[in-house]
Amino acid sequence: AGSGRLTKWCHIWQPYILAPMRTVKTTVYLDEGAYRRLKALADAEGRPAAELIRAAVQAYVAEHTTRRLPRSLGAGCSEDPELAERYEEHLWETDEGSGYPS
């Protein structure tokens, strides 16, 4: 409301997944040859052309952008590659028999 963009919720079908996805309506201009090839490919795959366009845009954006990782990632680096596998062992280690974790 007030943003000037038309948004709506819809269900996007992908094999084995039915997920609600917030969408923005847009217009894309294609040359005739690309549009005919897109439609032929969509028909051959039994998918809507819009689904192929969304997949292509997602792939392009993923390839050409980097995703920021959380700043907390790696904050507790222990330099022990097996720490996660032996966490219980580490939880019960005590400092010189005091009964408290070291």
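Read on for an overview of the structure. (Residues numbered from 1 in each chain as written. Predicted model: local features only at pLDDT ≥ 70, side-chain atom pairs only at ≥ 80, totals over all residues. Heavy atoms only, no water.)

**A word on the pattern of salt bridges**
According to the stated counting rule, one finds three salt bridges in the structure shown. Glu45 is paired through a salt bridge with Arg47; the nearest N and O atoms lie 2.8 Å apart. By relative accessible area, which is 30% here, Arg47 ends up partly exposed. For Glu51, the salt bridge identified is with Arg47, shortest N-O distance 3.0 Å. (Salt bridge = Lys/Arg side-chain N within 4 Å of Asp/Glu carboxyl O. Buried < 20%, exposed > 50% of the residue type's maximum accessible area, 1.4 Å probe, protein only.)

**Notes on the packing of helix H1 (residues 32-45) against helix H2 (residues 49-64)**
Two elements in contact, H1 and H2, have axes separated by 8 Å at closest approach and are oriented at 105 degrees. When the axes of H1 and H2 are compared, the pair comes out roughly perpendicular. For the pair H1 and H2, the contacting residues are Leu38, Lys39, Leu41, Ala42 and Glu45 in the first and Ala49, Leu52 and Ile53 in the second. Residues of the contact of H1 with H2, tallied by class, amount to six nonpolar, no polar and two charged. (Axes fitted to C-alpha atoms, helices over the stretch in contact; angles between N-to-C directions. Helix = DSSP H or I, 4+ residues; strand = E, 2+ residues; numbered from the N terminus. Parallel < 35°, antiparallel > 145°, perpendicular 65-115°, else oblique. Contact = heavy atoms within 4.5 Å. Nonpolar A, V, L, I, M, F, W, Y, C, P; charged D, E, K, R; others polar.)

**Overview of H2**
Helix length check: H2 (16 residues) gives 23 Å between terminal C-alpha atoms against 22 Å at 1.5 Å per residue, within 8%. For H2, the complete set of buried residues consists of Ala49, Glu51 and Leu52. Along H2, the residues classed as buried sweep out an arc of 160 degrees about the axis, all on the same side. (Expected span 1.5 Å × (residues − 1). Arc of directions from axis to C-beta.)

**Details of the environment of Leu30**
For Leu30, the position within the fold is in the loop between strand E2 (17-24) and H1. Residue class for Leu30 comes out partly exposed when judged on its relative accessible area of 43%. Beyond its immediate chain neighbours, meaning those up to four positions away, Leu30 contacts Tyr35 and Leu38.

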